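Now for the letters of each chain:
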Amino acid sequence: MQRNALLEVRGLTAAVAGVEILKGIELTVRAGEVHAIMGPNGSGKSTFAKVLAGHPAYEVTGGDALFDGKSLLRMAPEERARAGFFLAFQYPVEMPGVTNSSFLRLAYNTVQGARGRDELDPLEFDDYVQDKLRLLQIDPAFLERSVNEGFSGGEKKRNEILQMALLEPRLAILDEADSGLDIDALRIVANGVNRLRTPDNAVVLVTHYQRLLNYITPDYVHVMDQGRIIKTGDSQLALELERRGYDWVADEYRARQAA
Amino acid sequence: MDAQAESYLERLLPGQAGAPASSPSWLTELRARALERANALRVPTTRDEDWRFTDPSPLYKVVLEAPRQAAQVDAGALEPWLIPEAASRLVFVDGSFAPGLSSIRPESGVVVAPLGRTLSERDERVQDALARIVSGTDEAFSAVNTAWLRDGAVVLVSRERDARDPIHLLFLSVSERSATYPRSLVVAERGSCCTVVEDYVSLHSEVGLTNAVSEIHVGEGASVRHVRLQREGTAAFHIGTCGVRVARDGRYRSVSIALGARLSRYNLQVVQAGEGTDFDIDGLALISGRQLADTHSFVDHALPHGRSRQLHKCVVGDAAHAVFNGKILVRPGAQRTDSAQESRNLLLTQRAQVDTKPQLEIFADDVKCGHGATVGQLDAEQVFYLRSRGLSESAARDLLTFAFAAQVVERIALPSVVRRLEDAIVRRTQKESRS
């Protein structure tokens, strides 16, 4: 195992309803790094993110994903979260009747408790959360609403980043954190993510477009196609993809495979 | 089963409770008429369409009697059930008024009293209103309640009076294996306003029967908030009937919560007696074990410009069974009726069962009416989302179940009641997820 490798994915395959979507993913993410996974729609990017989070609809059929040297795949979704894995969802689910503040506090305290740290009572939590709200320019009234219910696209994405800020994960995967955001919201989200970066954590951005990468500079850019990572480069690769599309990468890959 | 049902009434009827002291002749006649009807009527069985999903036969197999002596209750035993916001509290022990446990705050234009006192004071409003909505002549349980009528809770609010603080009517079942017949009468005169909490509690966990009847008269432009809490023991039988009549521009808002009883049945009938009435009728049944909770509601839009909203939720755990039958009738003259009804049901286990039947019968052509029903389990995506934030599966399920139920509970405008019910729901859902 490489030093400081937070996540090591080896030959990961997964299926949904009997159809194989992931066909052998290889990926290493070290602390302090930012990775971007790009690729056309249907390439398996979101499936990969959900498999790592433990979504019950996906069946892992082979390979492994080590988080801090331990197999993520053997952990329940909540154990992954408590260990420091976080997925910001592309489509966060609405939960009518569950107040955002009580949800956030429950999640925060559960994760804190699991890490052997003190839990916060409602008043203490309220103080703690205010700082994070400012960071993401979120109206405090937002806490009294039901989780994601009636939120705009931008509000939902910001609520995901707010959870990331509260739970302080070591590895965060942001699934299409930029989709549906106007330029101001995109800046706020990107700025929030940048502020949350430390040498000890890592971020994986799953995105279809390059524009988020104007604000968060990745160390590595991976191209995913048909359930595999077929090319890896640096941030220049994202610009090239923006210019040339994805087809040439797939062509190159097929040529390499054929050789 | 029919033989059992018949012998139930035969066994019951000779034991009719005595009439209240100095009973006026109209009340004696009322009781006699109801007794005669009870003799002629038949108790329901599952062969009756209205009882198809709710088998009352276990009730007919047990021998239950009205307690002969008033049980003693320590004031401390009341503590968990008190409502600090309430202005007045009438407490009934096994159906009899308990003055020592009650507390009545005198308020001008507001009468909160046991039936006996209003009779001795010859308040004519009682005679004018009692058994005018639920007559006790067409259905066996309310007939028996009326035939047994000797005590009850009376709330009378005079014209244009605003009884600001809630009035708590607490019916305690104290003696095991007893049958009680609580009765409540609420009259809100023209332009008045009040909040009444009708509350059924058992202090024991043995079998017993509560056969309760309530009548609520909402006068012209008056507004009544009605909270009904049924939190009896899980071996109890509970049959409740409530009739509401709302005059022109009157407003009736109710929230009914059923948490207790082995078998409970609540019949709510709300009748529009004037134009421009406004009803909000919400309900929650939260049951587990082998409980059965049945709500039958009937909203009768008889005149133009009526509005009604109804949300009924059932949360069903273990092998429990919830029944909802909600009928909304829009009569030919009831133009411009605006009515919506929702039945939302959450099944927590494979064995849990719900039968829901929303019924909309419309005979007017210029109306806006809608209804819908859903039956489902907790949403897997919601459970996963919460788990991905560190919550255990059981904590995630509890939180979602709580949120589902809390939507109805929060419509009760009494913070202490909301808080206590939410605590009860949390305890219930946690027990559920451990089992």
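As the structure is a prediction and not an experimental result, all values here were calculated from the model.

## Overview of the sheet that holds strand β5 (residues 70-71) of chain A
Residues and elements named next belong to chain A.
Thinking step 1. Taken together, 4 strands build an open sheet; the order of strands is β2-β1-β4-β5 and the sheet is antiparallel. Each end of this open sheet is capped by a strand with a single partner; those strands are β2 (19-30) and β5.
Thinking step 2. Note that strand β1 (residues 5-16) and β2 share 9 bridges and pair antiparallel. Across the sheet, Glu 8 pairs through a bridge with Thr 28, a residue of β2.

## Concerning the packing of helix α5 (residues 153-167) of chain A against helix α6 (residues 183-196) of chain A
Residue and element names in this part refer to chain A.
Thinking step 1. At a minimum axis separation of 10 Å, α5 and α6 run at an interaxial angle of 10°. Classed by the angle they form, the pair α5 and α6 counts as roughly parallel. On α6, the residues touching Gly 154, Lys 157, Arg 158, Ile 161, Met 164 and Ala 165 of α5 are Ala 185, Ile 188, Val 189, Gly 192, Val 193 and Leu 196.
Thinking step 2. Partitioned by chemical class, the residues of the contact of α5 with α6 number 8 nonpolar, 2 polar and 2 charged.

## Some words on the sheet that holds strand β2 (residues 96-97) of chain B
In a beta sheet, neighbouring strands pair by backbone hydrogen bonds and run either parallel or antiparallel.
Residue and element names in this part refer to chain B.
Thinking step 1. Taken together, the 10 strands give an open sheet; going across it, the order is β2-β1-β5-β8-β10-β12-β14-β16-β18-β20, and neighbouring strands pair in mixed fashion. With one partner strand each, in any of the chains shown, β2 and β20 (368-376) form the two edges of the open sheet.
Thinking step 2. As defined by bridge partners, strand β1 (residues 88-93) adjoins strand β5 (residues 167-173) across 6 bridges and the pair is classed as parallel. Directly across from Arg 89, in β5, lies its bridge partner His 168.
Thinking step 3. Most of the contacts of helix α8 (residues 393-409) go to strand β16 (residues 307-316), to which it runs at about 150°, and overall it touches β12 (251-258), β14 (278-287), β16 and β18 (338-347).

## Looking at the domain arrangement of chain B
Residues and elements named next belong to chain B.
Thinking step 1. Each domain of chain B was delimited in the assignment, giving domain 1 (2-274) and domain 2 (379-435).
Thinking step 2. Relative placement of domain 1 and domain 2: their C-alpha centres are 31 Å apart.
Thinking step 3. Facing the 9 residues of domain 1 at the interface are 10 residues of domain 2.
Thinking step 4. Among the residues making up the side of domain 1 that touches domain 2, the classes are represented as 7 nonpolar, no polar and 2 charged.

## Comments concerning the packing of helix α4 (residues 122-135) of chain A against α5 of chain A
Packed helices, taken two at a time, are described by the angle between their axes plus the distance between the axes.
Residue and element names in this part refer to chain A.
Thinking step 1. Contact geometry of α4 with α5 gives a least axis separation of 10 Å together with a crossing angle of 135°. With respect to each other, α4 and α5 are oriented oblique. For α4 against α5, the interelement crossing comes out right-handed. Here α4 contributes Val 129, Lys 132 and Leu 135 to the contact with α5, which in turn contributes Leu 162, Ala 165 and Leu 166.
Thinking step 2. Grouping the constituent residues of the contact of α4 with α5 by class yields 5 nonpolar, no polar and 1 charged.

## Focus: the environment of Glu 10 of chain B
All names here are of chain B.
Thinking step 1. Along the polypeptide, Glu 10 turns up in helix α1 (residues 2-12).
Thinking step 2. The exposure class assigned to Glu 10 is exposed, which follows from the 10 C-beta atoms found within 10 Å.
Thinking step 3. Distance from Glu 10 to Asn 39, taken between C-alpha atoms, is 8.0 Å for residues 29 residues apart in sequence.

## Thoughts on the environment of Ala 143 of chain B
All names here are of chain B.
Thinking step 1. With respect to the helices and strands, the residue Ala 143 is situated in helix α6 (residues 140-147).
Thinking step 2. Its 26 C-beta neighbours within 10 Å are what place Ala 143 among the buried residues.
Thinking step 3. For Ala 143 and Ala 17, which are 126 residues apart along the polypeptide, the C-alpha to C-alpha distance reads 13 Å.
Thinking step 4. Beyond its immediate stretch of four places on either side in the chain, Ala 143 contacts Ala 34, Arg 37, Ala 38, Leu 41, Gly 136 and Thr 137.

## A closer look at the nonpolar core
Thinking step 1. In this structure, Leu 205 of chain A together with Val 155, Ala 322 and Ala 405 of chain B are the most contacted members of the largest nonpolar core, which totals 204 residues.
Thinking step 2. In this structure, this core is formed jointly by two domains, domain 1 (2-274) and domain 2 (379-435) of chain B, each of which donates at least three residues.
Thinking step 3. Excluding its chain neighbours within four sequence positions, the residues that come into contact with Ala 405 of chain B are Leu 284, Leu 286, Lys 313, Val 315 and Ile 425 of chain B.

## Things to note about unusual backbone geometry
Residue and element names in this part refer to chain B.
Thinking step 1. Here Ala 131, not a glycine, exhibits a phi torsion of approximately 60°, which is positive.
Thinking step 2. Relative to the helices and strands, Ala 131 is located in the loop between α5 (124-129) and α6.
Thinking step 3. The exposure class assigned to Ala 131 is buried, which follows from the 24 C-beta atoms found within 10 Å.
Thinking step 4. At Ala 261, a position not held by glycine, the phi torsion is positive, near 75°.
Thinking step 5. In this structure Ala 261 comes out as buried when scored by C-beta crowding, with 28 C-beta atoms within 10 Å.

Calculation notes
- Residues numbered from 1 in each chain as written.
- Chains lettered and ligands numbered in written order.
- Predicted model: local features only at pLDDT ≥ 70, side-chain atom pairs only at ≥ 80, totals over all residues.
- Pairing = 2+ DSSP bridges.
- Helix = DSSP H or I, 4+ residues; strand = E, 2+ residues; numbered from the N terminus.
- Axes fitted to C-alpha atoms, helices over the stretch in contact; angles between N-to-C directions.
- Parallel < 35°, antiparallel > 145°, perpendicular 65-115°, else oblique.
- Contact = placed C-beta atoms within 7 Å.
- Nonpolar A, V, L, I, M, F, W, Y, C, P; charged D, E, K, R; others polar.
- Domains from an automatic or database assignment.
- Left-handed = near helix turned anticlockwise from the far one by under 90°.
- Buried ≥ 20, exposed ≤ 12 C-beta atoms within 10 Å, placed from the backbone.
- Core = buried A, V, L, I, M, F, W, Y, C linked by C-beta atoms within 7 Å.

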